[in-house]
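# Survey of secondary and tertiary structure
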Amino acid sequence: LGLENDLRRAVHNQEFFVLYQPKWDASSGKAAGMEALIRWRHPELGIISPAEFIPIAEETGLIIPMTRWIMGEACRQNQQWQEEGFEPQCVSVNLSVRVFESQNLLDMIQCALSGTGLDAKYLEVEITESILASDIQGIISQLMKIRELGIKIAMDDFGSGYSSLGSLDKLPIDTLKIDQLFVREYESGSKKAIIQAIITLGKQLNLELIAEGVETIEQSEFLNGLGCSIMQGYYYGRPMNEDQIREWLSTST
Ligand code: G
Ligand code: G
Ligand code: MN
Ligand code: NA
């Protein structure tokens, strides 16, 4: 309850900040976008991990104003980098199921874009397989409305949650993000088989593929060899602040 009250105050006092984690295209050797990740600077406890406060934010509904804030902030920052002359990049924002299902979502996205002037093609949302717990027609219609705004949709942590193979071909999405778990244990025969299966599936369905949690050159070469050239992970870059991203953009584009 302590954290819950603190979180309410944090939304009000804007105690959050955003870090951006690079995505890298190993086949072209260039930047391939970034992911916005929220952080909380608690006045007494210091930096708190989203793993601790996102579940509370979801239960209390505070995730909705928080997501409205981070989406606006990510769009504003992205537009600013472009105005400074950096090569345009797509920035993705994570959506909890609660936000995905919310009536406010389309308005939230439109406000973020119109408020900052960012071209919709430079915004992406990341959803997880847990959205598949509700009715498929409702999910498809929500996905189509999001897409009509011109933004992209990625399926995050793919392969780790609800088995979604039966409906994957019906979902209007652009990208599959291969869960870190498989990448971490890519040398084990079974994980290797799963990675290969996900890549084959993604290609057959004309989806873009991104591998998450890439920490070593061996993992990168393995994934690239299978045809998944876009990577995210500590090997290519940790979540960084806006100035570190400027630094990265100036050497990576
Ligand atoms: O950045 P880090 O690895 O600590 O994130 C931990 C978890 O918090 C990840 O599952 C990540 O997707 C999630 N997360 C980070 N930022 C956001 C956000 O703005 N919204 C939501 N819903 N989840 C986020
Ligand atoms: O659930 P989602 O995929 O959005 O979560 C991303 C989380 O993964 C972030 O908290 C980020 O800090 C973390 N992350 C990103 N790259 C790596 C990596 O190479 N290794 C590990 N262990 N975590 C990573
Ligand atoms: Mn993500
Ligand atoms: Na992920």
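As shown above, the structure is provided for reference.
In this report, we go over the structure that sits alongside the text. The model shown is predicted, which means the values in this text are computed figures rather than measured ones.

So, about the site of ligand 2. The immediate surroundings of ligand 2 are formed by 14 residues, with Asn94, Gly213, Glu215, Gly233 and Tyr234 found nearest. For the shell around ligand 2, the residue count by class is four nonpolar, six polar and four charged.

Right, let's get into the site of ligand 1. In the neighbourhood of ligand 1, the contacting residues comprise Leu37, Ile38, Ser49, Pro50, Ala51, Ile54, Thr67, Ile70, Asn94, Ser96 and Pro239. Elements that contribute at least two residues to the shell around ligand 1 include exactly strand 2 (30–42), helix 2 (50–60) and helix 3 (63–83). At three residues, the largest contribution of residues to the shell around ligand 1 is made by helix 2. Looking at side-chain class alone, the shell around ligand 1 contains seven nonpolar, four polar and no charged residues.

Below, the discussion takes up the pairing of strand 8 (residues 208–211). Here strand 7 (residues 175–178) pairs with strand 8 via four bridges, running parallel. Paired with Ile178 across the two strands is Ala211, which belongs to strand 8. Pairing of strand 8 with strand 9 (residues 230–231), which is carried by two bridges, proceeds in the parallel orientation. Across the sheet, the residue bridging to Ile210 is Ile230, located in strand 9. You can see the chain leave strand 8, run along helix 10 (residues 217–225) and come back into strand 9, and the turn it takes is right-handed.

Another aspect to go through is the packing of helix 1 (residues 2–13) against helix 2. The contact between helix 1 and helix 2 brings their axes to 10 Å, and the two run at 80°. Looking at the two axes, helix 1 sits roughly perpendicular to helix 2. Contacts from Leu3, Glu4 and Leu7 in helix 1 reach Phe53, Ile56, Ala57 and Thr60 in helix 2. Grouping the amino acids of the contact of helix 1 with helix 2 by side-chain chemistry returns five nonpolar, one polar and one charged.

What counts as what
- Residues numbered from 1 in each chain as written.
- Chains lettered and ligands numbered in written order.
- Predicted model: local features only at pLDDT ≥ 70, side-chain atom pairs only at ≥ 80, totals over all residues.
- Near = placed C-beta within 6 Å.
- Nonpolar A, V, L, I, M, F, W, Y, C, P; charged D, E, K, R; others polar.
- Helix = DSSP H or I, 4+ residues; strand = E, 2+ residues; numbered from the N terminus.
- Pairing = 2+ DSSP bridges.
- Right-handed = clockwise from strand over helix to strand, strands pointing away.
- Axes fitted to C-alpha atoms, helices over the stretch in contact; angles between N-to-C directions.
- Parallel < 35°, antiparallel > 145°, perpendicular 65-115°, else oblique.
- Contact = placed C-beta atoms within 7 Å.

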